[in-house]
Amino acid sequence: MNNLIHETSKIQEITYELKIQDVMDTEYQTVNSGMAVGSLREVLRKKRILGVPVVDGTDLVGIVSIEDFIKCMENGKLGETVGTMMTMDVKTLFADEPLITAVNKFEEYGFSRFPVISRQTGKLVGIITKIDIIKGILKKLETAYQHEEERRYRASHIFNDIVADDISIDLKYFIEGKNFDKAGEASTGLKKTLNRLGFPPDIVRRVTISTYEAEINIVSYTDKGEIHAFIDSNQIRIVVTDTGPGILDIEKAMLPGFSTAPGWVRELGFGAGMGLPNIKKFTDKMTLESVVGEGTRLETVVFLDSNKNKL
Amino acid sequence: MINMKEIVTELGLKVVSGEADGPVSGGYSSDLLSDVIAYAQKDNVWITLQTHINIVAVANLKELSGIILVNGRQPEDATLKKAIQENISIMISNMSTFEIIGRLYSLGIRGNNK
């Protein structure tokens, strides 16, 4: 209900914001007063319209509708000119009036269309129908909606909007071991989130690449693990823990090309002995602790300060 | 910069996912995923024989312009599904890695400067 009222008042707001010239049809059809009534039917039919302003030279002199035409037909006056049967007391609107004026005039007169004239020159500049009004409002609503979507999508203002001395966002991802079909889902999810939070693309890339390598390690060597991302105003810290077999010789494991990967992991393109070196390459700080038989804890930090950006 | 569309036409690639459209900054070829992660650059086209779902993750992470599978290799179903979902372009060629890289080079595609 609240939503409805909100929407209604939004439409009211739009009818005050929009001007008639914003929604009117400027590629309108006109006829002149010397035209035979019989030819008028062709114009209305071809253009699929129910009425048309009558213009002589540049002056708006009247308006005719399908009803006028039917009356002429009933009275056998199809041979006469448009000028003899048109409505000469034309109700018009000014192009620079707010849309609400048009809405009220439609209500007041019950007409289907109004010629729109320029306040400065008095000349005809457009036609407005109820359809034009609806289209105009919908278009405006759509634009407003898109802006709202964009605003919502970029959550970067979170850091500015929340009143606190410092703020940190804490994200957790659970990783299933040995399941290569799901491998990468955590880092892809983290990537989407970081993008939404509005971090620079290179920061997002570095964080997610290093997280991906860690995730692949959990999948390749352990039964399960966790990725924990702590995001605050100056850094993104990732803590990856698992309860796997542990690393026997960390120094050796850090050497490019050193790998203990089993064949089935290598077949999938992993196990090149580059995972840990890659993590080091793409982050600003890396700490690796491991106890054989208990598990491994990896901590990486990527600083948000652009001076420290590596890529 | 050459567009992926031109590459698809020139090399007669079969596009199985994604739009295969957009700038191509260069090329990289490797079947070791960590190697690609380490050295491929944004908007590179990646030439590989790997067909597993992880190639989609790597292409996504490195924001590659597309993956060309060589020797007529077909991506696995899960790979294809993920690639469509993530809008990653996968293209298939009947050529070998050697042949396809030669063609790419003659189209003006280069490796990345270290």
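Residues numbered from 1 in each chain as written. Chains lettered and ligands numbered in written order. Predicted model: local features only at pLDDT ≥ 70, side-chain atom pairs only at ≥ 80, totals over all residues.

**So, the overall build of chain A**
Along chain A, the regular secondary structure elements total 13 helices and 10 strands. Taking all 311 residues of chain A together, 30% fall into the buried category. The contacts of chain A with a sequence gap of at least 6 include a subset with a gap of at least 24, amounting to 62%. (Helix = DSSP H or I, 4+ residues; strand = E, 2+ residues; numbered from the N terminus. Buried ≥ 20, exposed ≤ 12 C-beta atoms within 10 Å, placed from the backbone. Contact = placed C-beta atoms within 7 Å.)

**As for the overall build of chain B**
The helix and strand inventory of chain B stands at 5 helices and 5 strands. Starting at the N terminus and ending at the C terminus, chain B contains elements arranged as α-β-β-α-β-α-β-α-β-α. In chain B, which comprises 114 residues, the share counted as buried stands at 46%. Counted over contacts in chain B with a minimum sequence separation of 6, partners at least 24 positions apart contribute 51%.

**Topic: the nonpolar core**
Counting 61 residues, the largest nonpolar core has B:Trp46, B:Val58, B:Ala59, B:Ile67 and B:Ile68 as its most contacted members. Sort the elements by how many residues they give to this core and helix α10 (residues 201-221) of chain A lands first, with 8 residues. When near neighbours in sequence (up to four residues on either side) are disregarded, B:Ala59 contacts B:Trp46, B:Leu64, B:Ile67 and B:Ile88. Judged by nonpolar contacts, the second largest core, of 13 residues, contains A:Ile20, A:Val23, A:Met24 and A:Ala95. (Core = buried A, V, L, I, M, F, W, Y, C linked by C-beta atoms within 7 Å.)

**Side note on the interface of chain B and chain A**
Taken together, the 15 residues of chain B in the interface contact 18 residues of chain A. Listed by contribution, the elements that provide at least two residues to the side of chain B that touches chain A are α2 (33-39) and α3 (54-62) of chain B. Here the side of chain B that touches chain A takes 5 residues from α2(B), the largest share from any one element. Residue composition of the side of chain B that touches chain A, by class: 8 nonpolar, 5 polar and 2 charged. (Nonpolar A, V, L, I, M, F, W, Y, C, P; charged D, E, K, R; others polar.)

**Side note on the sheet that holds strand β8 (residues 235-242) of chain A**
Residue and element names in this part refer to chain A. One open sheet holds the 5 strands; their spatial order is β6-β7-β8-β10-β9, and the pairing between them is antiparallel. Of all strands in the sheet, those with a lone pairing partner are β6 (168-176) and β9 (285-291), marking the two edges. Geometrically, the sheet is characterised by an average inter-axis angle of 10° between neighbouring strands, direction not taken into account. Bridge count between β9 and strand β10 (residues 295-303): 7 bridges; the pairing is antiparallel. Opposite Val291, over in β10, you have Gly295 as the bridge partner. (Pairing = 2+ DSSP bridges. Axes fitted to C-alpha atoms, helices over the stretch in contact; angles between N-to-C directions.)

**Observations concerning the packing of α3(B) against helix α4 (residues 77-86) of chain B**
Two numbers describe a pair of packed helices, the interaxial angle and the distance between the axes. All names here are of chain B. Packing of α3 against α4 leaves a shortest axis separation of 8 Å and a crossing angle of 25°. In this view, α3 runs roughly parallel relative to α4, as classed from their interaxial angle. Residues Ile55, Val56 and Asn60 of α3 pack against Thr79, Lys82, Ala83 and Glu86 of α4. For the contact of α3 with α4, a count of residues per class yields 3 nonpolar, 2 polar and 2 charged. (Parallel < 35°, antiparallel > 145°, perpendicular 65-115°, else oblique.)

**Thoughts on the confidence of the model for chain B**
Mean pLDDT over chain B works out to 94, with 99% of the residues at or above the 70 mark. Quick note on the complex model: pTM equals 0.60, ipTM equals 0.78. (pLDDT = per-residue confidence, 0-100.)

**Considerations on the environment of A:Glu215**
All names here are of chain A. As for its position among the elements, Glu215 is in helix α10. For the pair Glu215 and Ser187, spaced 28 residues apart in sequence, the C-alpha to C-alpha distance is 7.4 Å. For Glu215, the residues in contact, after removing those within four places along its chain, are Ile175, Ala183, Gly184, Ala186, Ser187 and Ile227.

**A word on the pairing of strand β5 (residues 124-129) of chain A**
Residues and elements named next belong to chain A. Burial within β5 is extensive, with 5 of its 6 residues counted as buried. Where strand β4 (residues 113-117) meets β5, 5 bridges bridge the pair, whose relative direction is antiparallel. Residue pairing in the sheet places Pro115 in a bridge with Ile127 of β5. Hairpin geometry of β4 and β5 is characterised by an intervening segment of 6 residues between the two adjacent antiparallel strands and by a positive phi of about 75° at Gly122.

**Regarding the sheet that holds β4(A)**
Picture the strands of a sheet paired through backbone hydrogen bonds; they go either parallel or antiparallel. Strand order in this open sheet of 3 strands is β3-β4-β5 (chain A), and the pairing throughout is mixed. The sheet is open, and its two borders are formed by β3 (93-94) and β5 of chain A, each paired with just one other strand.

**Some remarks on unusual backbone geometry**
Of note, A:Arg48 is a non-glycine position whose phi angle comes to about 50°, a positive value. When you line up the elements, A:Arg48 lands in the loop between α3 (37-47) and β1 (51-56). Even without being a glycine, B:Asp43 presents a positive backbone phi close to 65°. With respect to the helices, strands and loops of the structure, B:Asp43 is situated in the loop between α2 and β3 (44-48). Given 17 C-beta atoms within a 10 Å radius, B:Asp43 is considered partly exposed.

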